[in-house]
Amino acid sequence: MITGATSGIGEACARRFAQGGYDLILTGRNEERLQAVKTAAEKCGAEVLDLRFDVRDRVACKEAVNSLPDRWSVVDVLVNNAGLALGLEKEYMGDVDDWETMIDTNIKGLLYMTRLIVPAMVQRNHGHVINIGSVAGDAAYANGNVYCATKAAVKAITDGLRIDVAESAVRVTNVKPGLVETHFSVTRFHGDQERADNVYKGIKPLTGDDIADVAFYAASAPEHVQIAEVLVLATHQASGSVIYRE
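Residues numbered from 1 in each chain as written. Predicted model: local features only at pLDDT ≥ 70, side-chain atom pairs only at ≥ 80, totals over all residues. Heavy atoms only, no water.

Caption draft 1: Quick peek at empty space enclosed by the protein. The tally for this structure, following the rule as stated, stands at one cavity of 30 Å³ or more. Counted as a void, the largest cavity has a volume near 70 Å³. Taken together, 15 residues form the lining of the largest cavity, with L86, G87, W99, M102 and N145 sitting closest to its centre. The set of elements that each furnish at least two residues to the lining of the largest cavity consists of α4 (96-124) and α5 (145-164). For the lining of the largest cavity, the per-class residue count stands at six nonpolar, five polar and four charged. (1 Å grid on protein atoms, 1.4 Å probe; cavity = no way out; pocket = protein on both sides within 12 Å on 5 of 7 lines; lining within 4 Å. Points joined across faces, edges and corners; volume = space filled by probe spheres on them. Helix = DSSP H or I, 4+ residues; strand = E, 2+ residues; numbered from the N terminus. Nonpolar A, V, L, I, M, F, W, Y, C, P; charged D, E, K, R; others polar.)

Here it is in structure tokens:
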């Protein structure tokens, strides 16, 4: 099951896991994009079930999971990918609506899906949760404030879950990308393509496929191997705030 599968890292994960022999449950808000990703995954040989809902909506999350037919009810891997950044302002000038959207998606949505899927994994003594965090969760950067805080929360929540399921064979991974050129920055800047393009000027950024490869590797490791955390940066990015640009 991959949340936020309609673009970026989520779409890339859908493609990579389909190529790797998994059947997929794909979730997202955009019906047209969801169908396009589903079609592409099916061409890779996967069987695909699509669920359109917003992870911010706790009731919708529960209804979606409860609607799964028996054939689809056993989730081996949950990729909590749905997330976003909005705005790049100083904290004292931030947009409160942007804050709430980031908190509701990046933290609460991840928690909702974890709460709904993981109990059955523990009961079966098998499963893997892969949370898509960020280098932003390691240390705040200028004007990143609330987004950085949400990704720091993802790290703490992931670590906490790993501790809580340690008596089981359920594995928990936090994948923390740096600069990845997806729709991420366009969303952050509310559709300003020029401003988004400037984020990646002078450096070759990561792609969604790069992160999907890491997630798939973690899921494919032997059962006794738990890839707890992976920080993935572009070659000329040293941290969330140190980037060399040509």
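There's more to say after this.
Caption draft 2: Inspection of the sheet that holds strand β6 (residues 229-232) at higher detail. Read from one edge to the other, the open sheet built from four strands follows the order β3-β4-β5-β6, with strand pairing classed as parallel. Strands with a single pairing partner mark the edges of an open sheet, and in this sheet they are β3 (77-80) and β6. Across the sheet, the mean angle from the axis of one strand to that of its neighbour is 15°, orientation sign disregarded. In terms of strand pairing, strand β5 (residues 171-177) meets β6 through four bridges, oriented parallel. Within β6, the residue paired with P177 across the bridge is V232. (Pairing = 2+ DSSP bridges. Axes fitted to C-alpha atoms, helices over the stretch in contact; angles between N-to-C directions.)

Caption draft 3: Here's a closer look at the layout of surface pockets. Quantified by volume, the largest pocket comes out at close to 1,200 Å³. Lining the largest pocket are 50 residues, and of these G83, L84, A85, T182 and F184 lie nearest its centre. Put simply, the parts of the chain that give the lining of the largest pocket at least two residues each are α1 (8-19), β1 (24-28), α4, α5 and α6 (184-188). Looking at which element gives the most residues to the lining of the largest pocket, the answer is α6, with four residues. A per-class count over the lining of the largest pocket returns 21 nonpolar, 22 polar and seven charged. Looking at the second largest pocket, its volume works out to about 240 Å³. The residue makeup of the lining of the second largest pocket, split by class, is 11 nonpolar, no polar and three charged.

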